[in-house]
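In case you want the letters, here they are:
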Amino acid sequence: MYEFITGFMFWLALGVCLIGMAVRTILYFKGLRWNLDRVAYRAYPARGFKGAIRSIYKWILPFGTHGWRKQPFMAVLFFSFHIGAVFVPLFLLAHNLFLKEKLGFSLITINGGVADFLSWLVIITLILIILRRLALPEVRILTNWYDYLIILISAAPFITGLLARYEVGNYSFWLLAHIISGEILLFAIPFTKLSHIFLFFASRAQLGMDYGIKRGGLRGTVMDW
Amino acid sequence: MPEGIFCNKKPIETQEELTALLGDTSGTQYYKEMKELDIDTKLLWTTIQNTCKSRIRTWLEICAHCGMCADSCFLYLVNDRDPKQVPAYKIQSTLGEIVKRKGNVDNEFMRMAMETAWAKCTCCNRCGIYCPHGIDVGIMFGYLRGLLYQQGFVPWELKIGAGMHRVYRAQMDVSEEEFVETFQWMVEENEEEYPGLTVPVDVENADIMYTVNAREVKHYPEDLAEAAILFHAAGENWTITSKGWEQTSLAMFAGDWAACKMQVENVYAAMERLKPKRMVGTECGHAHRATVVEGPYWAGRQDGRPPVECIHYIEWLAEALREGKLKIDPERRIKVPVTLQDSCNYVRNHGLREVAREILSYIVEPGYYREMSPNREHNFCCGGGGGFNGIGLFRPQRNKGLITKRDQILATGAELVIAPCHNCWDAIRDLEEEFEIGIKWSFLKPLVVSMLELPDHMKPEE
Amino acid sequence: MFKKILFATSATEASDHAARVAFNMAGTLGATLNIFHVLGVPTRGFSQVVLDVKTKEEVAVDGEYISWVEEEIKNYYANQLANCANCSIKASVGVPHREILRQAREIEPDLIVLGGTTGSEEDSVYKASTGSTLQRVAKASPCPILAVNRPAASFWGGLSNIVFGTDFSKASDKAFEFAFKMATSLNGELHIFHALDITPKNMGMSMPQDEIDHKIREAYKMIRSKYISKMKDFKNYSMNVWEGIPYVEIVKYTREKQADLIIMAHNSRKLDADGPKIGSNMEQVIMRANCPVISVNR
Ligand code: SF4
Ligand code: SF4
Ligand code: SF4
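Predicted, not measured: the structure shown is a model, and the values here were computed from it. Sequence order as written defines residue numbering, which begins from 1 separately in each chain. Chain letters start at A and ligand numbers start at 1, both assigned in the order the entries are written. Two thresholds apply to this predicted model, a pLDDT of at least 70 for residue-level local features and 80 or more for giving and counting side-chain atom pairs, whereas whole-chain, interface and lining totals are computed over all residues. Excluded from the side-chain calculations are hydrogens and water; all other atoms, namely the structure's heavy atoms, are used.

Peer 1: Even after reading the chapter, I still don't get the overall build of chain A, so can you show me in this structure?
Peer 2: For chain A, the count of helices and strands is 11 helices and zero strands. Each helix corresponds to a stretch of at least 4 residues labelled H or I by DSSP, and each strand to a stretch of at least 2 residues labelled E; elements are numbered beginning at the N terminus. For chain A, the N- to C-terminal ordering of α and β elements is α-α-α-α-α-α-α-α-α-α-α. For chain A, with 225 residues in total, the buried portion stands at 46%. Surface exposure here means Shrake-Rupley accessible area, sampled with a 1.4 Å probe, where a residue is shielded only by the protein chains that are shown. Surface accessibility of chain A: about 11400 Å² in total, with carbon and sulfur atoms responsible for 74%. For every residue, the accessible area (1.4 Å probe, protein chains only) is compared with the maximum for its type, and the residue is labelled buried under 20%, exposed over 50%, or partly exposed between those bounds.

Written out as structure tokens, the structure is:
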């Protein structure tokens, strides 16, 4: 069982996720139409590129945009959650040992204390995000079961991971649950809203190109995001 | 009854159809027929498959439902933060649903979508710059309008407006002759005061070809006179064109893409015929957007540029003042608190954010200028954009939409609002009518004309 | 002298006195009268909807509505129209001064008679353009315009006793030509009048009487050389120069002469941003005079 899950299933999940997202990202850019979108992407590649990079960069900078500054509470939630959600899975020591064993290489790692802290941060911010969804009418109206499912899929690996980490009850059960939920997450990425992990960059790049080319870029105006 | 006499899927093509539709006062019959109008779901779905590509599909899919766009939309703010006015909700519940249901929607749904597309969004694109994913709901509403137009669900005035462009290549029933005639009339009316004033018609290779908004010809021809005076005073080598003089496009508001193409190609043909160095358009926001920003794409120009360099009136004016072609009498500069309305159509959507400010630095006595907050590309829509101003059915919603601008203006303490955009100008005028806050509003032309220092040879003999 | 008169009217009480003058004049002079009414000001952006100036309601204008309004006007002036051989009616839509000028350009009248506006021009629909309708029409009109403000001014006898008020400007020369032509062709009297402006804002704090006297003598000289010399054997005239506030003096003078028409030039090129509130000299005269006022600008 464990073998299968960490072996075949792991490979499959990782493969589906990476290939799936590669395909989706390629399809995204292939699906951009200069005439339908009314942006001359091809005519001005350099400007488009610059615009795209700026649009991404400004938005991944905490408080880098008017939007973030306007909503500081949301900005703090957003960045806390995403820092945890990106750093822990990628740089946790245990994950990298696993990676080394499987793939023969590993990434840099973060120390255990930080990883704990970030994991808790993810859980707490997710709770706050759920509360925000329930509390604010403008968010409540947008929310449906699918949003909660996505939250659940993203939260599960962290919850199970922490339970395993603190050895609450049966360690190997939680570890297994952790791996399975992690693989579910990987599977889900290309097929759900979680695709935003990649498509966020694609979509931001697109609007960045729009502003970088058509909406002022060609005149030399640098968008004040 | 599927297709109505007035309300149907067929665009207006002839003058007779236009007159007939106009005769249906306030669209009473039109809207009645709309309730019966069938939806061609197959056509709708094929259109979506052919035109709804990765950009919009991805936007619809990855929207995080985070609600960060809510506060960015003025219509959400003025409608007591009604959750139904959240941009993401508005588009998900309309375009999102149509796509989800593969076009299988009913009449009631389409009428709801029409109200949402024209009365709950002005396509000001402000929300797009506040969404972390870069989801521009305004663009999607523009797209949705196209689908609704195809199915015949479009406000009466805009069906007429698009029809005007199809029949007259102008947003109002103004013919080519009337345009030239009116311009000449205005020159005659002013030539005594400005000796040598002329209006060159169809001159080839001029430095400037000037295009206008048909409303100026129809109702406010003073604007034409002022344009002529300023070109004259600046010593410009300019011309108007008897064909292709209309810069605006109500077809854009209506979502009638075919008419957009016809309209803009007419203007481009004039450019190709007269070969001016540049085209200068009047003080209009959506006209600039239609002819300069979006037009090249409708006309299929891959470089996204019109045939010759096109600039907005404020760009020309700023240049003329900067280079000293026009001189301002410092005594006559504006000496009342004054503010500026940044038009979404060329500020947010074409980056002209500092140009008008430069002009104001020449014509306003230092210390009298007040910025609106927010401003530049973050400014709110005037409240009447995207066709909202002209739609009778949605008048109450529009009037409510003016509140944002009213409060922004009040907060500046300005007595005069400069609005170099026809639509914004209208909205601010209506705002004064509606709320009587005691402001004046103006285009730039009359202000500059009134403070011009004329070179001696241009002064009237006395 | 006047073959074609354009009467721009609100078709309400506000224009009744102007109507009296217009119909009278057309009758006595055998002129054609074109009754012109701007029924609505465009509103709602690009749409066809206008604000009905009478009812203050928004209406969608089409051919039918216009004919209906024309019918209304016909009824309103039914009595006068019964005796008017050459009268036509036209209603139109737009900004009033512009449409009046447009109509004038089309039919080329010899005189425009301007009625009053319904309600206040302070309404924001009018605020779009600087200056009052009167000012704007007066500025650009291709022909003289006649305005009557006070009801009393319209109970008017004839056209034979004319006061010509001058400020010696170029426009005044034109106004003189017109006044003289009118006086000769109608066989009337012509009173040439100049008011020396001694309001402090014009002349510094206060003028010594010697200086006033001197200026008055000069003004007489001007009148002689500029106008009297051109009148050849026309004898039925008088001339006077008074000092004071010009518009008050000319009104007083007209009363004294029992004149039935004032003719003066419309000089101000610049339009008053504050509209009728302050107004030009001419508008002040119109507001106060006991008879109709004709303004000439070219
Ligand atoms: S801000 Fe963007 S992602 Fe968030 S709800 Fe609005 S459109 Fe969706
Ligand atoms: S485009 Fe403007 S009006 Fe439309 S939803 Fe966005 S912010 Fe609101
Ligand atoms: S009318 Fe002016 S402010 Fe309003 S949407 Fe258009 S450009 Fe923007």
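Peer 1: What exactly am I supposed to notice about the site of ligand 1 here?
Peer 2: Any residue with a heavy atom positioned within 4 Å of a molecule or strand is treated as near that molecule or strand. Ligand 1 sits among 13 residues. The nearest are Cys63, Cys66, Gly67, Cys69 and Cys131 of chain B. Mapping the residues adjacent to ligand 1 onto the chains of the assembly identifies chains A and B. Under the scheme applied, nonpolar residues are Ala, Val, Leu, Ile, Met, Phe, Trp, Tyr, Cys and Pro; charged residues are Asp, Glu, Lys and Arg; polar residues are all the others, including Gly. The residue makeup of the shell around ligand 1, split by class, is 10 nonpolar, three polar and no charged.

Peer 1: Sorry, what's going on with the nonpolar core here?
Peer 2: Formed by 217 residues in total, the largest nonpolar core has its most connected members in Leu95, Tyr210, Trp316, Leu317, Leu326 and Ile363 of chain B. The greatest single-element share of this core, amounting to nine residues, is contributed by helix H8 (residues 137-150) of chain B. Among all residues touching Trp316 of chain B, those that are not within four sequence positions of it are Ile208, Leu230, Phe231, Ala234, Glu236, Arg278, Val280, Ile311 and Leu326 of chain B. Residues Ile73, Ala171, Ala175 and Met231 of chain C belong to the second largest nonpolar core, which totals 61 residues. Put simply, a nonpolar core is a bunch of buried Ala, Val, Leu, Ile, Met, Phe, Trp, Tyr and Cys residues held in one set by side-chain atoms that sit within 4.5 Å of each other. Whether two residues touch is decided by their heavy atoms; if any such pair falls within 4.5 Å, the residues are in contact.

Peer 1: In this structure, what is going on with the interface of chain A and chain B? I would like to understand it.
Peer 2: One frequent convention defines the size of an interface as the accessible area lost when the parts assemble. Contact residues are listed per partner, giving 51 residues for chain A and 54 residues for chain B. Buried area: the sum, over both parts, of the accessible surface (1.4 Å probe) that disappears when the two are put together. When chain A packs against chain B, close to 4600 Å² is buried across both sides, 57% of that on carbon and sulfur atoms. Any Lys or Arg side-chain nitrogen found within 4 Å of a carboxyl oxygen on Asp or Glu counts as a salt bridge. For the pair chain A and chain B, the interface holds seven salt bridges. Lys214 of chain A serves as the salt-bridge partner of Glu294 of chain B, at 2.7 Å between the closest nitrogen and oxygen. Pairs of N or O atoms are called polar contacts if they sit within 3.5 Å, as long as, within protein, a hydrogen donor faces a hydrogen acceptor (for residues adjacent in sequence, only side-chain-to-side-chain pairs). Between chain A and chain B we count 32 residue pairs in polar contact (both at pLDDT 80 or more) in total. If you list the elements that add at least two residues to the side of chain A that touches chain B, you get helix H1 (2-30), helix H2 (34-37), helix H4 (66-70), helix H7 (112-135), helix H8 (137-140) and helix H11 (196-214) of chain A. Top element by residues in the side of chain A that touches chain B is H11 of chain A. It accounts for 10 residues. Its residues assigned to classes, the side of chain A that touches chain B shows 24 nonpolar, 12 polar and 15 charged.

Peer 1: I keep staring at the interface of chain C and chain B and nothing clicks. Help me out?
Peer 2: Between chain C and chain B, the residue contacts involve 31 residues of the former and 43 residues of the latter. Summing both sides of the interface, chain C and chain B together bury roughly 3300 Å²; the carbon and sulfur share of this comes to 49%. One can count five salt bridges joining chain C with chain B. Ionic pairing is found between Arg105 of chain C and Glu181 of chain B, a salt bridge with its closest N-O pair at 2.6 Å. In this assembly, chain C and chain B are joined by six residue pairs in polar contact (both at pLDDT 80 or more). Elements supplying a minimum of two residues to the side of chain C that touches chain B: strand S4 (58-60), helix H4 (96-107), helix H5 (124-127) and helix H6 (133-140) of chain C. If one sorts the elements of the side of chain C that touches chain B by residue count, H4 of chain C sits on top with six residues. Here the residues of the side of chain C that touches chain B are counted per class, giving nine nonpolar, seven polar and 15 charged.

Peer 1: Where do I start with the sheet that holds strand S6 (residues 369-370) of chain B in this structure?
Peer 2: Backbone hydrogen bonds are what pair the strands of a sheet, in a parallel or an antiparallel way. Residues and elements named next belong to chain B. The four strands lie next to each other as S6-S5-S7-S8, forming an open sheet whose pairing is parallel. Edge positions in the sheet fall to S6 and strand S8 (440-442), since each has one partner strand and no second. Pairing analysis gives three bridges linking strand S7 (residues 416-418) to S8, with the strands arranged parallel. Across the sheet, the residue bridging to Ile418 is Ser442, located in S8. Helix H17 (residues 355-363) rests against strand S5 (338-340), S6 and S7 of the sheet, and its axis sits at about 160° to S5. Strand pairing requires that DSSP identify at least two bridges connecting the strands. Orientation is described by axes fitted as lines to C-alpha atoms, over the contacting stretch for helices, and by angles from 0 to 180 degrees between their N-to-C directions.

Peer 1: When you look at the state of the cysteines in this model, what are you seeing that I'm missing?
Peer 2: Should the sulfur atoms of two cysteines be covalently bonded, the bond is a disulfide. Residues and elements named next belong to chain C. When two cysteine sulfur atoms are found within 2.5 Å, that pair is recorded as a disulfide. In this structure the tally under the stated criterion is zero disulfides over all chains. The structure places no disulfide on Cys143, whose sulfur is separated from the nearest cysteine sulfur, that of Cys87, by 17 Å. By relative accessible area, Cys143 is classed as buried at 8%.

Peer 1: Can you walk me through the pattern of salt bridges in this structure?
Peer 2: Two side chains of opposite charge can pair, provided their charged atoms sit close to one another. Counted according to the given criterion, the structure contains 54 salt bridges over all chains. Between Asp426 of chain B and Arg215 of chain B there is a salt bridge, and its shortest N-O distance comes to 2.5 Å. Taken together, the positions of Asp426 of chain B in helix H20 (residues 422-435) and Arg215 of chain B in helix H11 (residues 214-218) put the pair 211 residues apart, joining distant regions of the chain. A salt bridge links Lys325 of chain B to Glu319 of chain B; the nearest nitrogen and oxygen atoms lie 3.7 Å apart. Taking relative accessible area as the criterion, Glu319 of chain B reaches 14% and is therefore assigned buried. Salt bridges sharing common partners tie together Asp37, Asp210 and Arg215 of chain A together with Arg55 and Asp136 of chain B.

Peer 1: Hey, could you run me through a nonpolar patch on the surface in this one?
Peer 2: Residues and elements named next belong to chain A. There is a patch of nonpolar side chains on the surface, built from Phe73, Trp120, Ile124, Ile127, Leu128, Leu131, Leu134, Tyr148, Tyr166 and Val168 and spanning about 910 Å² of accessible area. It is H7 that provides the largest number of residues to the nonpolar patch, a total of six residues. As for its placement among the helices and strands, Trp120 is situated in helix H7. Taking the relative accessible area as the measure of exposure, Trp120 reaches 38% and is therefore partly exposed. Each patch is assembled from residues with relative accessible area greater than 30% and no salt bridge, linking like charges that lie within 9 Å and nonpolar side chains (Val, Leu, Ile, Met, Phe, Trp, Tyr) that lie within 5 Å.

Peer 1: Help me understand empty space enclosed by the protein in this model?
Peer 2: Where empty space is left in the structure can be found by rolling a water-sized probe over the atoms. Residue and element names in this part refer to chain B. Throughout, the protein atoms alone are placed on a 1 Å grid, and a set of points is a cavity if a 1.4 Å probe fits but cannot get out or a pocket if it is open with protein on both sides within 12 Å along at least five of seven lines; lining residues have an atom within 4 Å of a point. Grid points are joined across faces, edges and corners, and a volume is the space filled by probe spheres set on the points. Within the structure shown, the criterion is met by seven cavities of 30 Å³ or more. Of the voids in this model, the largest cavity is the one considered here, and its volume is about 90 Å³. Cys73, Lys90, Cys121, Cys124 and Cys127 are, among the 14 residues lining the largest cavity, the residues nearest its centre. Counting only elements with at least two residues in the lining of the largest cavity, the list comes to helix H6 (87-100) and H8. Among the residues forming the lining of the largest cavity, the class breakdown is seven nonpolar, four polar and three charged.

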